[in-house]
Amino acid sequence: MSSDGVPGAPGVTAHRVPLRSLLFVPGSRTGWLPKAEAAGADAAILDLEDAVPEDGKTAAREAAAAAVDRAAGTPPGPMRLLVRINALDRAAGWQGADELRAVARPGLYGIVLPKVSGPEDVTTADRLLAWCEREHGLPEGHFALLPLLETARGLREAYAIGRAAARIAHLGAVAAPGGDVERAVGYRWSPEGEETRELRARVLLDARAADRPHPVAGLWADVADLAGLRRFAERNRALGYEGMAVIHPSHVPVVNEVFSPDTEELARCRRLIAAVERAQAEGAGAVRFEGRMVDEAMAATARQTLARQGLAGQSDRDALD
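All figures in this text were calculated on a predicted structure; none of them were measured in a lab.

This part covers the packing of aromatic side chains. Across all of its chains, the model carries 3 aromatic pairs by this definition. Taking the centre distance of 5.5 Å and the plane angle of 35° together, the rings of W220 and F232 count as tilted. Of this pair, W220 sits in the loop between β6 (216-217) and α9 (226-239) while F232 sits in helix α9, placing them 12 residues apart in sequence. Residue class for F232 comes out buried when judged on its relative accessible area of 0%. By the ring-pair criterion, three or more aromatic residues cluster together here, those being Y187, W189, W220 and F232.

Written out as structure tokens, the structure is:
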């Protein structure tokens, strides 16, 4: 597992990478983490909130903290570890704050913060995480923060929430059948979940406008319906999301595939870049490429796609000869 923190100047957030699949794991079932890693999840979220009954919260917090310590003591792997704490709510006796302090230590990638209603919730979590970073000698911005927009106000204020802390990287709309978001908004989930499309699209635009780099969506609750999951994931990717939260290991390979460019897409990116670069060398700003007009803007998008796969700077000039 990887914490993915890097040293940086004060106020600079650690480098973040896209997370295609974020698999929820009950905080009381930390023994399931190897299964999450074997499934290929880019991240596992140990859930101390809804997945744990009230009388099991303390034991789950201790188990999650121990899992974070084990992650810190082993060679970094591809799966990042997050913990969903309970809401930072004074009325609840600051249970969430105690959980945050218990798990925000080396080995943790970030905190998933539920029931976020506005930027003030993010500011509180950001300050607590900064305090934990100083306590453990970690660089500022080491811990990522993933706010869950589960209230109508939180969804409406997605932009302000995204701007509230630089450590936010994976902001998005995680809608699902039943649960907090449906209760807050009042939609009725259809077999395809399309009634939440406008909501997901608006929150995505807010996340991009707030300069949050790797937005994620979710959830698909039908464990057995992998075809439905694929369609839902493909629609999220088409909107511009870069990953999804998932609830079962069987969902991970499907989501990873959907949010990864295939061989032909990468090859087309190389060809497009080469076509534009050749046109520029000949004094032209735009060129016809495979039936469409393309220019530097399209080439920049293609370069970004390659860069995220570790293929920066590659083009396919030979394919044009």
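The next thing to look at is α9. Here α9 contains 14 residues, and its C-alpha end-to-end distance of 20 Å stays within 8% of the 20 Å for a straight helix at 1.5 Å per residue. By the burial criterion, the buried members of α9 are G228, L229, F232, A233 and N236. The arc enclosing the buried residues of α9, seen along the axis, measures out at 130°, which places them on a common side. Positive backbone phi, at 125°, marks G240, one or two positions downstream of α9.

Our focus in this paragraph is unusual backbone geometry. Cis geometry marks the peptide bond from G218 to L219; its omega dihedral reads -10°. Of note, the phi angle at K115 is positive, near 55°, even though the residue is not glycine. By the secondary structure assignment, K115 is in the loop between β4 (110-113) and α4 (119-135). Even without a glycine there, the phi angle at D211 is positive, about 65°. Position of D211 among the secondary structure elements: in the loop between α8 (197-209) and β6. Classification of D211 by relative accessible area gives exposed; the value is 55%.

What follows deals with the pairing of strand β7 (residues 243-246). Residue alternation in β7 divides its side chains into two sets, G243 and A245 and M244 and V246, and both sets are buried. The pairing of strand β1 (residues 21-26) with β7 spans 3 bridges and is classified as parallel. From the neighbouring strand, L23 faces β7, where its bridge partner is V246. Both β6 and β7 contribute to a ladder of 2 bridges, which runs parallel. Within β7, the residue paired with V216 across the bridge is G243. Between β6 and its parallel partner β7, the chain crosses via α9, and the hand of that crossover is right-handed.

All right, on to the pattern of salt bridges then. For the coordinates displayed, the defined rule picks out 26 salt bridges. Across the salt bridge formed by R271 and E264, the nearest N and O atoms sit 3.0 Å from each other. The structure contains a network of salt bridges with shared partners spanning D47, E49, D50, R84, K115, E150, D180 and R183.

Summarising the element assignment, T305 is placed in helix α12 (residues 296-308). Given a relative accessible area of 19%, T305 falls into the buried group. Contact partners of T305, with chain neighbours within four places excluded, come to P261, E265, L266 and C269.

Further remarks concern the nonpolar core. Within the largest apolar cluster, 64 residues are counted, with the highest numbers of intra-cluster contacts made by V83, V103 and I111. By residue number, the principal contributor to this core is helix α2 (residues 57-72), which donates 6 residues. Once you skip the residues sitting within four places of it in the chain, V103 turns out to touch R61, A64, A65, V68, V83, L108 and I111. In terms of nonpolar packing, the next biggest core, distinct from the first, is built from 17 residues, L19, I45, L82 and A245 among them.

Cut-offs used in this document
Residues numbered from 1 in each chain as written. Predicted model: local features only at pLDDT ≥ 70, side-chain atom pairs only at ≥ 80, totals over all residues. Heavy atoms only, no water. Phe/Tyr/Trp six-rings, centres within 6.5 Å; stacked < 30°, edge-to-face > 60°. Helix = DSSP H or I, 4+ residues; strand = E, 2+ residues; numbered from the N terminus. Buried < 20%, exposed > 50% of the residue type's maximum accessible area, 1.4 Å probe, protein only. Expected span 1.5 Å × (residues − 1). Arc of directions from axis to C-beta. Pairing = 2+ DSSP bridges. Right-handed = clockwise from strand over helix to strand, strands pointing away. Salt bridge = Lys/Arg side-chain N within 4 Å of Asp/Glu carboxyl O. Contact = heavy atoms within 4.5 Å. Core = buried A, V, L, I, M, F, W, Y, C linked by side-chain atoms within 4.5 Å.

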